[in-house]
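Results of the structural survey
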Amino acid sequence: MPPSIIGSAERNLNYESSVHAGTSDILPTVFRPQAFFPISAPLVVASFLPHTMVKSALLWQFLLQSYVAGFNHANRNTLPDQGLKTSLKQGLLIVGSVAYATCAGAIPQIVMRRLSLSSPAAQMFFRSILPIPLSASLMYFNVVVIRSEESENGIQVFDTDGNSVGMSKAAGTKAVQETAVSRAALFGTTAAVPSLVLFLLQKGRFLQSPLLLAPIRHISTAIVLGLMIPVSFSLYPQLGTIKKENLEKEFQPAAASGPLFYHKGL
């Protein structure tokens, strides 16, 4: 990789904890990477609780989805002249995605409440199995919707010398998909591992007291989330590459000597 690109990436890594890589604007404190765990952990644990009331399930889902939407929006890929300002369209997308994800995230509790399901099999499915794909898909959906303008309008791509060669929709789509996959992996794994741990403990009869189920679930959820955050953030490099054959025709000459580069966002 060229020295100019490497130097740019190193500077971004040094300042990404508090400064947006694309605009150099100061990120809001709550939406900086180092704030993600302490703020999201209690929201994730509370959203995975076996709520008996639909209202409480909706409340915690709303808080979680709102925070994740804000984090995705603040850390999106944007241009220096645009800054971190929110357009009317982006505001509507945020409101719509949060409203949809809140209702969808509470589906297990809504179904169990409406149908009065109390059998062990139903309890296991709706409280331990369904939240895994549901959490992953909703977080994927959140990123795709919040950052849809990157796919529609494109993001800046750079040549091997670090010079901007234009706005590529293909690179924008690739950046959004990579971020969505990493976020889905983060929350899907966080939902899956604690359920698996509890299942193995109960099956092996290592857990005799039902009173220990809740503390073990809460602690394991927080631990898995904390371990998965750096893994998911680094699942794809912040400075991504896109090959010539995947670019639009107007970028083919610029990519003749090698792939083009783009900032993925977080």
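Only a predicted model underlies this, so the values are computations on that prediction, with no experimental measurement involved.

**Observations concerning the overall build of the chain**
From N to C terminus, the chain includes ten helices and four strands. For the chain, the α and β elements follow one another from N to C terminus as α-α-α-α-α-α-α-α-β-β-α-α-β-β. When each of the 266 residues of the chain is scored for burial, the buried share is 45%. In the chain, 70% of the contacts between residues at least 6 apart in sequence involve partners at least 24 apart. Summing over all exposed atoms, the chain offers an accessible surface of approximately 13400 Å²; the carbon and sulfur share of this is 66%.

**Let's talk about the side chain of Thr190**
Relative to the helices and strands, Thr190 resides in helix α9 (residues 169-203). Separated by 2.7 Å, the side chain of Thr190 and the backbone oxygen of Leu186 make a polar contact. Ignoring any residue separated from it by four or fewer positions in sequence, one finds Thr190 in contact with Val44, Phe48, Thr221, Val224 and Leu225.

**Side note on the environment of Leu196**
Locating Leu196 in the fold gives a position in helix α9. Classification of Leu196 as partly exposed rests on a relative accessible area of 49%. Leu196 sits 67 residues away from Ile129 along the chain, and the two C-alpha atoms are 9.5 Å apart.

**Quick notes on the UniProt feature "transmembrane region" (unreviewed entry) in the chain**
Taking the UniProt record as the reference, the feature "transmembrane region" (unreviewed entry) is found at residues 92-112, 124-146, 184-202 and 214-236. End-to-end, the C-alpha atoms of residues 92-112 are 31 Å apart, and along that stretch the chain is 95% helix and 0% strand. In residues 124-146, helix accounts for 96% and strand for 0%; the two terminal C-alpha atoms are 32 Å from one another.

**Quick notes on helix α4 (residues 88-105)**
Along its 18 residues, α4 runs 25 Å from first to last C-alpha, staying within 8% of the 26 Å computed at 1.5 Å per residue. Regarding α4, the residues found buried are Gln90, Ile94, Ser97, Val98, Ala101, Thr102, Ala104 and Gly105. Take α4 and look down its axis: the buried residues cluster within an arc of 165°, on one side only. Opposite the buried face of α4, at more than 90 degrees from it, the exposed residues are Leu88, Leu92, Val95 and Tyr100. Packing partners of the buried residues in α4 comprise α3 (54-74), α5 (107-115), α7 (131-146) and α8 (148-153).

Basis of the calculations
Residues numbered from 1 in each chain as written. Predicted model: local features only at pLDDT ≥ 70, side-chain atom pairs only at ≥ 80, totals over all residues. Heavy atoms only, no water. Helix = DSSP H or I, 4+ residues; strand = E, 2+ residues; numbered from the N terminus. Buried < 20%, exposed > 50% of the residue type's maximum accessible area, 1.4 Å probe, protein only. Contact = heavy atoms within 4.5 Å. Areas by Shrake-Rupley, 256 points an atom, 1.4 Å probe, with all protein chains shown as cover. Polar contact = N/O pair within 3.5 Å; in protein donor to acceptor, adjacent residues only side chain to side chain. UniProt positions renumbered as here; feature names shortened; annotations may be inferred. Expected span 1.5 Å × (residues − 1). Arc of directions from axis to C-beta.

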